[in-house]
Amino acid sequence: MTVTVSAQEDTRRLLVLAVDDEPHGLDNLVHCLQSNPHVDRVFTAVDASEALRVLGSEDEQVRMRRDRGLPPIDAVFADLNMPGLSGMEMSRVFASLNAAPVLVFVTGHAEEAVNAFELGAVDYVLKPCRQDRLDKAVLRVLEKMQSAPAPELAREQSVKTDDEVIPVELAGTTKLIPRSSVRWVEAQGDYARLYTTEGSHLVRIPLAQLEERWGKAGFVRIHRSFLVALPLITELRMGQGGYQVVIGNEEKVLPVSRRHTRELKDRLVGAPRNG
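Basis of the calculations
Residues numbered from 1 in each chain as written. Predicted model: local features only at pLDDT ≥ 70, side-chain atom pairs only at ≥ 80, totals over all residues. Heavy atoms only, no water. Core = buried A, V, L, I, M, F, W, Y, C linked by side-chain atoms within 4.5 Å. Buried < 20%, exposed > 50% of the residue type's maximum accessible area, 1.4 Å probe, protein only. Helix = DSSP H or I, 4+ residues; strand = E, 2+ residues; numbered from the N terminus. Contact = heavy atoms within 4.5 Å. Phe/Tyr/Trp six-rings, centres within 6.5 Å; stacked < 30°, edge-to-face > 60°. Pairing = 2+ DSSP bridges.

### Observations regarding the nonpolar core
Residues Val-185, Ile-222 and Leu-264 are the most contacted members of the largest nonpolar core, which totals 29 residues. Take this core: its biggest share by element is four residues, from strand β12 (residues 226-229). The contacts of Val-185, once residues within four sequence positions are left out, are Ala-192, Arg-193, Leu-194, Leu-207, Leu-210, Trp-214, Ser-225, Phe-226 and Leu-227.

### Quick word on the packing of aromatic side chains
Under the definition given, this model contains two aromatic pairs. Ring centres of Trp-184 and Tyr-195 lie 4.7 Å apart, and the angle between their planes is 15°; this geometry places the pair in the stacked category. Residue Trp-184 is located in strand β8 (residues 182-188), and its partner Tyr-195 is located in strand β9 (residues 191-196); the two are separated by 11 residues in the primary sequence. Judged by relative accessible area, Trp-184 falls into the buried class, the value being 7%. Centroid distance Trp-214 to Phe-219: 4.9 Å. Interplanar angle 50°. Geometry classified as tilted. Its relative accessible area of 5% is what places Phe-219 among the buried residues.

### Brief notes about the pairing of β9
Burial of β9 is one-sided: the residues Ala-192, Leu-194 and Thr-196 facing one way are buried, the residues Tyr-191, Arg-193 and Tyr-195 facing the other way are not. Taken together, the six bridges between β8 and β9 define a ladder with antiparallel strand orientation. Of the residues in β9, the one forming a bridge with Val-182 is Thr-196. Where β9 meets strand β10 (residues 199-203), five bridges bridge the pair, whose relative direction is antiparallel. Bridging across to β10, Arg-193 finds its partner in Leu-202. Connecting the antiparallel pair β9 and β10 is a turn made up of two residues.

Structure follows, in structure tokens:
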């Protein structure tokens, strides 16, 4: 790969995330990143679950970037072998995000390089991390960012091609819930509960954020507390206190607020039905 970006040509300062379960390896990686003139701030994580929490955190810089449709972190520098989700599995979760960070693997296993590049990593740095080698990886990150589509176009392409994956914490492990398996979502304060055919899962994502992210994927707000997969609505009927919708074969009934009724009717008339 030919790197065409130089420190003189690109003055951006990056937010990066370093992920390694080995303390010495993490310290070395953080030191090299902090010594690079293009790096503004380094977040750290010891495993994939903690890395995902950083991307969804309420840190002001991270949150502002998410709100603007940008990746919450510019780049993730991650080890391959970690407890829980491996670096490879973690990269698949990152790739499913509407705005995905650039990925660099930093590991002692040279034999995994081919798989890493197939997953979209822009570089593969062998341990122990050397400053000159990591500096080249940062330049590749900048080159990748230069060639990336605008946030609006990236979101459009993601809706058309990807089935977003939501990471859910369960008893110390991370389970990946594909958006396509979600039937409806219920607001619970700053959290949302995802209902699938297999059960429900609580995630720290406000319902309004899911509404914005999933609107083009067929989800519609029917109430201040509910977001529903439109093709799964089998009936709209008048009940006590107002309209209700019936979801799928399980005949789950959810309320429709007055302010959402007209839009829902319009969407149902024009919506393709799920056979």
